[in-house]
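A closer look at the structure
One-letter residues, chain by chain:
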Amino acid sequence: MSAQVCQACGASNEPSATACRVCGRALSREAAAAAAGLPTPAGYPSPSYVVGLPVAPEAVHRTSWTNLLGLVAALVLVLTAGGIGVALIAGHFAGNGQTAGIAGSSNQGSSSRLATFVPQGQTESNAALSVVLPPGWSVSAVNGETITLTDPDGTGSLTVGSGRSSQAQSAQQNRDAIDRYYEGKYPDTAPCPGSQDAPGILNGADGLFWTLCFTVTTGAQSFPGACALFSGATSDGGVYYLVEELTARDNLQNFVAEAAPVVESIHWNLS
Amino acid sequence: MRCDHCVQDVPDGVFCTICGAHQGASTEVGDPKLRLNRYAAHPSEHVAQPAIFTTLFPHLGHHKVHEFRWAFFVGLACILLLYAAGLITAAILVSAFLVPTLYLIYLYEAQVYRDEPATVLGFTLGGGIAIGIVVTLIERLVSHPFQSAGNPLGGVAVDVGGVLLVGLVIPVVEEVLKTIPALILPRRVAFPETVDGLVLGIAAGLGFSLAQALIGFSSVLAALPPHVAPGNWIFVLVTLAVLQPLLQGSATGLIVAAVWRYRRGRLDRREIGAIALAVIAHIAFATGTEVLRDAAVDSLFILAWQGAVVGAVLIAVRYLLHHSLLEEAAHMGYADTVCPGCHLRIVGSGFCPHCGTALSAAPNTVKRMRRPRKEAPGSTGRRT
């Protein structure tokens, strides 16, 4: 059978079409009826009244609501048990990880300054600070207040920052602002287990040392992370000092040790 | 009666059983033939309603949708309980599995796979899982989660390189690869309708989402103790349980449905726009999340952004499916059947004359029960 041509718009339609696919108008009634091969049920009673249906139709649905809820409940129970089991087994093999703070600084509250080991390497600086990079370390970002470095293995980053505070803030206030920043960025931010906050001095800057643990989510990937932090300020609160050592949670101790020479080379230009 | 729009003699009813047009309706609510206020798969809803279940589970009737909706809410309630109890590891696992499991039950309920469950499920869900494992592992290798902590005291800085990778490159690659399992399905001729392509694409996308969630959170699952302080884990769990699987499933379903339409000889602006919107929505979801997270914006706003993107994709899916059902159901012949929407035993063609449900979106068990009619009982057999 040849294609039907719509009398209104001239579009070509399938032989069995009853309405034009372009403009929607009905095609030739005779052609539509002939192509369908079925008589239109003129004078047919209400469609809800079906007579002569020999067999009651089968049930439409295959899954009862009890089975459906039961499957969901079973899923929850199995996965809850599985999740707890995974956590217990993984924790058993992980052992006790000690959380390290920023190395190369005095955590005892004294004003003494450690004898510093200045590594040989490239010096990176901005208006606020300078730092010496050991071989293998690279600079990933620099601006007027911040220098971000990456270790040779790419397992973590060291961010050093200093600048004029927009409003006078003590070291504690700076620390609170940093905590709020991390809590906003990583919803499960909390002090790392076993870590202790402590006042101290980092290369002449008075401040606070602490560590935070959280889950770093990027895209659909999530990683348990940790950050060893130092937040300092001048006595008038006009200048802030910041050091962040960010890495995987189980790598924090190693990363802090690896970054120690870099941290000890920090020279604050602002005071 | 004679249909107002296709001018065919059809059984009396509120809707024309051939073209689905709403009879006797004023134009105040729009074109009665286009019936945008009567979604073809669920006529009690508007096409532009971002409903989850009536969009992604189109074969479910009015009654069954409620049961699946309640099962979903029960699952969410369980996740909330696990979160409140501090069993975050368990909550992550339940979140990852909830929507894909419900969809697997739906595929069984609607028998979308016809008589080849192993092949269809293996290619769609299984293929999606396999591709998800490979892609997510590669993403973990190229991502640098500890690259920069930012300076919270020196002003917000967005990691442009990271945003481009996570927000642009990875979504495009994922959208291309996720559709492969559904597109290479053997014996696709057994699944000719656009609604079949949509459902198969959603299944592949949900398989991908499941693998992505498990691989992506593998480090966290191994590192978290059994019980932790709940904190703000709820935001992560909402994304994992609801928004991420909905995005992955609906975007893949939209692309595969558009390809199914192309194979039926339909490639208009609607189909091209559907594919473009799926990719753009995924980019917007990922980019917006990364930028807002780098800027330390409140997590509630991030969820709102993600929800808005998912809502837009759901509406796009409904538009494409609505138009395809209106076209494809119009070619069905008369038959004795049961309407999956209103559960009335009817004699109809493509649409239920009572509620307007497109009968081509019925479960396969209902389609098999159709008894074709050449002549209705009581009719004179006159041709008009």
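Residues numbered from 1 in each chain as written. Chains lettered and ligands numbered in written order. Predicted model: local features only at pLDDT ≥ 70, side-chain atom pairs only at ≥ 80, totals over all residues. Heavy atoms only, no water.

1. Notes on the pattern of salt bridges
All names here are of chain B. Evaluated as defined, the whole model comprises 13 salt bridges over all chains. In this structure, the salt-bridge partner of Arg261 is Glu328, at a minimum N-O distance of 3.8 Å. Remark: Glu328 occurs in helix α11 (residues 299-328) and Arg261 occurs in helix α9 (residues 233-263); sequence separation between them is 67 residues. Taken as a pair, Arg261 and Glu328 share a single burial class, namely buried. Ionic pairing is found between Arg266 and Glu327, a salt bridge with its closest N-O pair at 2.8 Å. Placement of Arg266 in the loop between α9 and α10 (269-294) and of Glu327 in helix α11 is noted, with a sequence separation of 61 residues between them. The structure contains a network of salt bridges with shared partners spanning Arg261, Arg264, Arg266, Asp268, Glu271, Glu327 and Glu328. (Salt bridge = Lys/Arg side-chain N within 4 Å of Asp/Glu carboxyl O. Helix = DSSP H or I, 4+ residues; strand = E, 2+ residues; numbered from the N terminus. Buried < 20%, exposed > 50% of the residue type's maximum accessible area, 1.4 Å probe, protein only.)

2. Examining the environment of B:Leu93
All names here are of chain B. Here Leu93 shows up in helix α3 (residues 88-110). Owing to a relative accessible area of 11%, Leu93 belongs among the buried residues under this scheme. Separated by 171 residues in the primary sequence, Leu93 and Arg264 place their C-alpha atoms 40 Å from one another.

3. Structural notes on the sheet that holds strand β2 (residues 345-348) of chain B
Residue and element names in this part refer to chain B. Strand order in the open sheet formed by 3 strands is β2-β1-β3, with antiparallel pairing between adjacent strands. A strand with exactly one partner marks an edge of an open sheet, and here the two such strands are β2 and β3 (371-372). Relative to β2, strand β1 (residues 335-338) runs antiparallel, the two sharing 4 bridges. Across the sheet, residue Thr337 finds its bridge partner in β2, namely Ile346. (Pairing = 2+ DSSP bridges.)

4. Section: the pairing of strand β12 (residues 239-248) of chain A
Residues and elements named next belong to chain A. The buried fraction of β12 is high, at 10 of 10 residues. The sheet contact formed by strand β7 (residues 156-164) and β12 spans 9 bridges and is antiparallel. Bridge pairing in β12 places Thr159 opposite Glu244. Both strand β11 (residues 221-233) and β12 contribute to a ladder of 9 bridges, which runs antiparallel. Paired with Gly225 across the two strands is Ala248, which belongs to β12. Linking β11 back to β12 in an antiparallel pair, the connection comprises 5 residues, with Gly237 at a positive phi of about 75 degrees.

5. Some remarks on unusual backbone geometry
All names here are of chain B. The phi angle at Gln111 is positive, at roughly 50 degrees, despite the residue not being glycine. Looking at the secondary structure, you find Gln111 in the loop between α3 and α4 (117-142). Phi is positive for Ala296, which is not a glycine, with a value near 55 degrees. Residue placement: Ala296 occurs in the loop between α10 and α11. On the basis of relative accessible area, Ala296 is assigned to the partly exposed category, the value being 23%.

6. Here's the deal with helix α5 (residues 160-178) of chain B
Residues and elements named next belong to chain B. Here α5 spans 26 Å end to end across 19 residues, near enough to the 27 Å set by a 1.5 Å rise per residue. The largest bend in α5 comes to about 30 degrees, at Ile170, with the proline Pro171 one to four residues further on. Within the sequence span of α5, burial applies to Val163, Val166, Gly167, Ile170, Pro171, Glu174, Glu175 and Lys178. (Expected span 1.5 Å × (residues − 1). Bend = angle between axes of the 7 residues up to and from the residue.)

7. Observations regarding the packing of aromatic side chains
Here the structure, examined in full by the defined rule, presents 16 aromatic pairs over all chains. Ring geometry for A:Phe209 against A:Phe230: centres 4.8 Å apart, planes inclined by 45 degrees, an arrangement best described as tilted. With a gap of 21 residues between them, A:Phe209 in strand β10 (residues 205-218) and A:Phe230 in strand β11 connect regions that are remote in the sequence. Here A:Phe230 falls in the buried class, since its relative accessible area comes to 0%. Joined through ring pairs, the aromatic side chains of B:Phe53, B:Phe57, B:Phe68, B:Trp70, B:Phe72, B:Phe73, B:Tyr103 and B:Tyr106 make up one cluster. A cation over an aromatic ring shows up here: B:Arg263 above the ring of B:Trp260, its NZ or CZ 5.1 Å from the ring centre. One cation-aromatic arrangement involves B:Arg318 over B:Tyr39; the distance from NZ or CZ to the ring centre is 4.1 Å. (Phe/Tyr/Trp six-rings, centres within 6.5 Å; stacked < 30°, edge-to-face > 60°. Lys NZ or Arg CZ within 6 Å of the ring centre and 35° of its normal.)

8. Comments concerning the interface of chain A and chain B
Chain A puts 81 residues into the contact, and the matching count from chain B is 98 residues. Roughly 8,200 Å² of surface becomes buried between chain A and chain B when both sides are summed, with 65% attributable to carbon and sulfur atoms. At the junction of chain A with chain B, the criterion picks out 0 salt bridges. In this assembly, chain A and chain B are joined by 9 residue pairs in polar contact (both at pLDDT 80 or more). For the side of chain A that touches chain B, the elements supplying multiple residues, two or more each, are α1 (29-36), α2 (65-94), β6 (146-150), β7, α3 (171-185), β10, β11 and β12 of chain A. Residue composition of the side of chain A that touches chain B, grouped by class: 43 nonpolar, 29 polar and 9 charged. (Contact = heavy atoms within 4.5 Å. Buried area = accessible area lost by both parts, 1.4 Å probe. Polar contact = N/O pair within 3.5 Å; in protein donor to acceptor, adjacent residues only side chain to side chain. Nonpolar A, V, L, I, M, F, W, Y, C, P; charged D, E, K, R; others polar.)

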